[in-house]
Amino acid sequence: MSSKKDSFSSKDKSYMKLAINLARARKGLTGENPSVGCLIVKDDKIISIGQTGYNGRPHAESNAINNSFQDLAGAKMYVTLEPCNHYGKTPPCTKSIIKSDIKEVFYSINDIDNKVKGKSFKILTKKNIKVRRGLLKNEAIDLYDSYVINRKYKMPFVTAKIAVSKNKLIYSEKVKRITNQTSDKLSHYLRFKNDGLMISSNTLNIDNPKLNCRLSGYEKYSPKRIILDKNLDIRMNTYIYKSVKNDNTIIFHNSSNHSKIKALKKRGINLIKLKLTTKKKFNFRTILKKLFSLGIRNLLVEGGEKITKNMLKNRLINQFYLFESLKTLPKTKKYVIFTSSNILIRNYKVKSKISSKLAKDKITIYKR
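The notes below deal with the structure included here. Just so you know, these numbers come straight off a predicted model, no measurement behind them.

1. Topic: the pattern of salt bridges
For the coordinates displayed, the defined rule picks out 13 salt bridges. Glu32 is the salt-bridge partner of Arg297, the closest N and O atoms lying 3.5 Å from each other. Of this pair, Arg297 sits in the loop between α11 (284–293) and β12 (298–301) while Glu32 is found in the loop between α1 (10–25) and β1 (37–42), placing the two residues 265 residues apart along the sequence. We classify Arg297 as buried; its relative accessible area is 7%. Looking at Glu32, the relative accessible area reads 51%, which means it is exposed. Here Asp145 makes a salt bridge to Lys367, at a shortest N to O gap of 2.4 Å. You can see Asp145 sitting in helix α6 (residues 145–153) and its partner Lys367 sitting in strand β16 (residues 362–367), a full 222 residues away along the chain.

What follows is the structure in C-alpha cells.
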C-alpha cells in the first residue's frame with residue numbers, strides 16, 4: 001500500500017534500498033563516475049541487477065539491461081541516480097532504456113551534472129515511459145556526498161582518520177599500535193574505498209608505513225601514495241621509496257635539491273613543486289585541486305597532528321574517523337598529543353558511532 005507522505009509503495013522502497021546497497025558497495029571504486037545501483041523488476045520479481053563498473057564503466061543501467069535473460073518489455077527499473085542522457089565514452093543510458101521497452105523508471109535524485117540534470121525525465125516521458133523521482137531521496141543524498149563535492153568544488157572528497165589513546169596521545173615512541181586488530185581492518189577498508197592516501201614525510205620517516213590495503217583479496221585496490229614533503233626529506237631506505245611502481249606515488253615539495261629530485265624522478269615518483277604560503281606552509285586547497293586534476297576523487301588522510309589540525313580548522317575534511325583506544329600510552333621523550341578535539345566538535349557533527357564489546361575501541365564518525 002502506498003504511503004500518504006510520498007505515494008511510493010513499500011515494495012518500491014524495498015527495491016530502491018537494494019539498489020542503494022548495490023551502489024554503496026562499489027562507492028569509491030568507480031573512478032570519475034558516481035557509483036550507481038540498478039534493479040529491474042517484472043511481475044514483482046527482480047529479474048536483473050547492475051552496478052557501475054570498476055573505474056566508472058559500463059554504467060549500472062546498461063549492466064542491468066545486458067545482464068537480463070528475460071524480455072524487459074513492461075518491466076520497471078529502479079536506479080539510484082538519474083540516468084545519463086548524453087554521449088560520452090558510452091552511449092546514453094536513456095537510449096538503452098527506451099530500446100529495452102521498460103515501461104516505468106524510478107530514480108532517487110537528479111544528477112547534478114548540468115549535461116544530465118532533469119533532462120532524462122523529459123526524454124523518457126516523451127517516449128511514454130512513466131518516470132517517478134525522489135524515491136528514498138535522503139538515503140541517496142548521503143550516498144552521493146562525495147560525488148557532489150567532486151562536481152561542485154573540483155576537489156576530492158576527503159576522509160581523515162586518527163587513533164588516540166585513553167590519555168589523548170596519537171604517538172608515543174616505541175609504541176607501534178594504539179588500536180586493536182578490528183580497528184586496523186576498518187582502516188584498511190578505508191584504504192580500499194579511497195583512491196589516494198596522504199601522509200607527511202615526517203610520518204613516513206618515523207613509521208615507515210606501507211600505505212597499502214592488506215585486506216585479503218583487495219590488495220590490488222591499494223590507493224596512490226601521496227606524500228607532503230616540503231624539503232624532500234624522504235629517506236631512500238623506506239618501503240614507499242623501494243616500492244614505487246606504475247605511477248603510484250606522488251610527492252608535493254618545495255625543494256631545490258637537484259640531486260634528490262633527479263634520484264626521485266628516476267625512481268618513478270611524480271614530483272610536484274608548489275609555492276608555500278607566507279607562513280612557509282603548503283596550501284592544502286591547492287593540493288586538493290591538483291589531486292582532483294590527477295584523477296583522485298576520494299582521498300584518505302592519515303596525517304599526524306599538524307596536517308589534521310590544519311585541515312580540520314579550514315574545514316577541508318568532509319568525513320573524520322576518530323578511533324579511541326582504552327590503552328594509556330607512556331609519555332616518553334617523544335610523544336604527540338591530539339589537540340584538535342575542540343575544532344572537531346565545533347566544526348563537525350557526529351554522524352554515527354561504532355562500538356563493540358569484543359573490539360573495545362570506540363569509533364566516532366564525524367561529518368562536516
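2. Structural notes on the environment of Leu22
Structurally, Leu22 is set in helix α1. Separated by 278 residues in the primary sequence, Leu22 and Leu300 have C-alpha atoms spaced 22 Å apart. Ignoring sequence-local partners within four residues, the contact set of Leu22 consists of Gly37, Cys38, Leu39, Ile49, Gly50 and Gln51.

3. Structural notes on unusual backbone geometry
For the bond from Arg57 to Pro58, the omega torsion is -5 degrees, close enough to zero to count as cis. Looking at where Pro58 falls in the secondary structure, it is placed in the loop between β2 (45–51) and α2 (60–67). One non-glycine residue, Asn55, lies in positive phi territory at about 70 degrees. In this structure, Asn55 sits in the loop between β2 and α2. A positive phi angle is found at Asn246, which is not glycine, with a value near 50 degrees.

4. Section: empty space enclosed by the protein
Applying the stated criterion across every chain yields a total of one cavity of 30 Å³ or more. As a volume, the largest cavity reaches approximately 130 Å³. If you go around the largest cavity, you meet 17 residues; those closest to its centre are Thr30, Asn33, Pro34, Ser35 and Ser146. With three residues, α6 is the largest single contributor of residues to the lining of the largest cavity.

5. Looking at a nonpolar patch on the surface
On the surface, Leu18, Ile46 and Ile49 cluster together to form a nonpolar patch covering roughly 240 Å² of accessible area. With respect to the helices and strands, the residue Ile49 is situated in strand β2.

6. Things to note about the layout of surface pockets
There is about 540 Å³ of room inside the second largest pocket. Along the walls of the second largest pocket sit 28 residues, with Asn33, Pro34, His59, Asp113 and Arg151 positioned nearest its centre. Elements that contribute at least two residues to the lining of the second largest pocket include exactly α2 and α6. For the lining of the second largest pocket, the element with the most residues is α6, which contributes three residues.

7. Some thoughts on α1
Every α-helical turn comprises 3.6 residues, leaving residues that sit three or four positions apart pointing alike. The terminal C-alpha atoms of α1 lie 23 Å apart, and with 16 residues this matches the ideal 22 Å at 1.5 Å per residue to within 8%. Buried within α1 are the following residues: Asp12, Tyr15, Met16, Ala19, Ile20, Leu22 and Ala23. Along the axis of α1, the buried residues cluster in a sector spanning 155 degrees; they form a single face.

8. Quick notes on the packing of α2 against helix α3 (residues 93–100)
In contact at an axis separation of 9 Å, α2 and α3 are set at 25 degrees when each is read in the N-to-C sense. Here α2 is positioned roughly parallel relative to α3, judged by the angle of their axes. For the pair α2 and α3, the sense of crossing is left-handed. Residue-level inspection shows Glu61, Ser62 and Ile65 of α2 in contact with α3, the latter providing Cys93, Ser96, Ile97 and Ser100. Residues belonging to the contact of α2 with α3 are distributed by class as follows: three nonpolar, three polar and one charged.

9. Some words on the environment of Lys220
By the secondary structure assignment, Lys220 is in the loop between α8 (201–207) and β9 (224–228). Owing to a relative accessible area of 68%, Lys220 belongs among the exposed residues under this scheme. Lys220 sits 28 residues away from Phe192 along the chain, and the two C-alpha atoms are 8.8 Å apart.

Analysis parameters
Residues numbered from 1 in each chain as written. Predicted model: local features only at pLDDT ≥ 70, side-chain atom pairs only at ≥ 80, totals over all residues. Heavy atoms only, no water. Salt bridge = Lys/Arg side-chain N within 4 Å of Asp/Glu carboxyl O. Helix = DSSP H or I, 4+ residues; strand = E, 2+ residues; numbered from the N terminus. Buried < 20%, exposed > 50% of the residue type's maximum accessible area, 1.4 Å probe, protein only. Contact = heavy atoms within 4.5 Å. 1 Å grid on protein atoms, 1.4 Å probe; cavity = no way out; pocket = protein on both sides within 12 Å on 5 of 7 lines; lining within 4 Å. Points joined across faces, edges and corners; volume = space filled by probe spheres on them. Patch = residues over 30% accessible without salt bridge, like charges linked within 9 Å, V, L, I, M, F, W, Y side chains within 5 Å. Areas by Shrake-Rupley, 256 points an atom, 1.4 Å probe, with all protein chains shown as cover. Expected span 1.5 Å × (residues − 1). Arc of directions from axis to C-beta. Axes fitted to C-alpha atoms, helices over the stretch in contact; angles between N-to-C directions. Parallel < 35°, antiparallel > 145°, perpendicular 65-115°, else oblique. Left-handed = near helix turned anticlockwise from the far one by under 90°. Nonpolar A, V, L, I, M, F, W, Y, C, P; charged D, E, K, R; others polar.

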